[in-house]
Amino acid sequence: MNYLPNSQRYQNMEYRRCGKSGLKLPAVSLGLWHNFGAIDNLENARNILRLAFDNGITHFDLANNYGPPPGSAEETFGRIFKDDFKRYRDELIISTKAGWPMWDGPYGDLGSKKYLVASLDQSLQRMGLDYVDIFYHHRPDPETPLEETMAALDLIVKQGKALYVGISSYSPSETAQAAEILKNLGTPCLIHQPKYSMFDRWVEDGLLDVLEDKGMGCIPFSPLAQGLLTNKYLKGIPEGSRAANHRGNGAIEEDQITDDKIAKVGKLNELALKRGQNLAQMALSWILKDKRITSVLIGVSKPEQVTDSLRCLENLSFTQDELQLINSILAE
Ligand SMILES: NC(=O)c1ccc[n+]([C@@H]2O[C@H](COP(=O)([O-])OP(=O)(O)OC[C@H]3O[C@@H](n4cnc5c(N)ncnc54)[C@H](OP(=O)(O)O)[C@@H]3O)[C@@H](O)[C@H]2O)c1
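This text gives an overview of the structure that appears in the document.

Conventions we followed
- Counting starts from 1 at the beginning of each chain's written sequence and moves along it residue by residue.
- For this predicted model, a pLDDT threshold of at least 70 governs which residues receive local features, and a threshold of 80 or more governs which side-chain atom pairs are given and counted, while totals over whole chains, interfaces and linings are taken from all residues.
- Each helix corresponds to a stretch of at least 4 residues labelled H or I by DSSP, and each strand to a stretch of at least 2 residues labelled E; elements are numbered beginning at the N terminus.
- C-alpha atoms define the radius of gyration, and 2.2 Å times the number of residues to the power 0.38 defines the globule rule.
- Exposure classes come from backbone-placed C-beta atoms, where a residue is buried if 20 or more other C-beta atoms lie within 10 Å of its own, exposed if 12 or fewer do, and partly exposed in between.
- Any pair of residues counts as being in contact when their C-beta atoms, constructed from backbone geometry, are within 7 Å of one another.
- A residue counts as near a molecule or strand when its C-beta atom, positioned from the backbone, falls within 6 Å of it.
- In this classification, the charged set is Asp, Glu, Lys and Arg, the nonpolar set is Ala, Val, Leu, Ile, Met, Phe, Trp, Tyr, Cys and Pro, and all remaining amino acids, among them Gly, are polar.
- When DSSP locates at least two bridges between a pair of strands, those strands are taken to pair.
- The convention used is that axes are lines fitted to C-alpha atoms, helices contributing only their stretch in contact, and that angles between N-to-C directions extend from 0 to 180 degrees.

Side note on the overall build of the chain
Check the secondary structure of the chain and you find 11 helices and 10 strands. Whereas a compact globule of 332 residues would reach a radius of gyration of roughly 20 Å, the chain reaches 19 Å, a difference of no more than 12%. The principal-axis extent of the C-alpha atoms belonging to the chain is close to 50 × 50 × 40 Å. Evaluated residue by residue, the chain yields a buried proportion of 45% over its 332 residues. Residue pairs in contact within the chain that sit at least 24 positions apart in sequence constitute 77% of those at least 6 positions apart.

What follows is the structure, encoded as structure tokens:
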């Protein structure tokens, strides 16, 4: 059980400054949305986390509701943290979030101060941590005044329960307002976590400009469109893949893997091979080519996918012709 991390772990990873903050994040970070629940294999989860850290992935991203059941990914992480990573706490950036339904009644969802403060206390307990490095509001709440949600984030930092705060899936204008409120409270908004991949490019329509303007970092989630931007679905839906698992809660489903998408994936795959990459690697490189991106937040179901995806770092530049070809394939 004794885990000794790879002594060369900082050799090959690139660390990027998060907006205008003092914090750097690895260009590739690991999320625990899937494959770390109570129903998943603990040793697989442990092997994934060890291999990630061995390769310089210092940032692990969680949320109160990851599982299933909700909360169990934080418990799995807490167990592995206690066994393997406790000694390395100061080498790790651990994040969690609240904003989606978590417990019954009016105080376990959305963006009230009541929910956020209580939820972080629960998350810290499940993970066995004194503090998290980044605490996020997980999604905008149209009913709670933004001032209240941001005051909750500010309070959490002042209490020492999080070092930094961020927001997820906020629109460009909500982001600008949130950043302004937090700045006035004396707690800068560190980072935004948006969905971004070749198949979902909404951040290019204003959000990235706002983040640059506000000095915030950006850590896109689902950069592989949950596995669609790999070669795995080219010949149908393999057993054990996320689309075959039917876990719900926003996980990719078979009906999202359309003929039209697969035709595009096939063409993107050909281009990737010409660049000396596989499609997963090219899809990650394509996001990281933009210097406003701090880190790509990947998910994996097996340790080999960590090693495979990390090879995106070997080729982060694209020619104009390659970029144009990608745009035309996506526009078809
Ligand atoms: N803020 C939010 O609202 C929000 C929402 C969603 C996610 N997130 C965060 O973002 C993280 C990543 O999201 P995601 O898991 O959807 O990301 P993703 O990287 O787009 O998809 C991960 C899936 O892609 C497949 N995959 C990964 N690497 C591969 C490789 N090299 N070759 C072939 N297949 C590969 C695996 O699918 P199989 O399981 O089929 O093998 C894996 O489970 C989450 O864990 C979470 O931390 C945040």
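Focus on helix α9 (residues 279-288)
For α9, the buried fraction is high: 10 of the 10 residues fall into the buried class. Regarding α9, the residues found buried are Leu 279, Ala 280, Gln 281, Met 282, Ala 283, Leu 284, Ser 285, Trp 286, Ile 287 and Leu 288. Buried residues along α9 sit against α8 (259-274), β10 (296-298), α10 (303-310) and α11 (320-331).

What to know about the site of the ligand
Gly 31, Trp 33, Phe 221, Gly 227 and Gly 299 are the nearest of the 29 residues found near the ligand. Listing elements by their share of the shell around the ligand, those giving two or more residues are β10 and α10. When residues of the shell around the ligand are assigned to their parent elements, the largest contribution, 3 residues, is made by α10. In terms of residue class, the shell around the ligand is built from 10 nonpolar, 15 polar and 4 charged.

Points about the sheet that holds strand β7 (residues 162-168)
Pairing within the open sheet is parallel, and its 8 strands lie in the order β9-β8-β7-β6-β5-β4-β3-β10. Looking at strand neighbours, the two that pair on one side only are β9 (217-218) and β10, the edges of this open sheet. Looking at chain direction, strand β8 (residues 189-193) and β9 are connected through 2 bridges and run parallel. Considered in β9, the bridge of His 192 is made with Cys 218. The strands touched by helix α4 (residues 146-158) within the sheet are β6 (132-137) and β7, with β7 carrying the most contacts at an inclination of about 155°.

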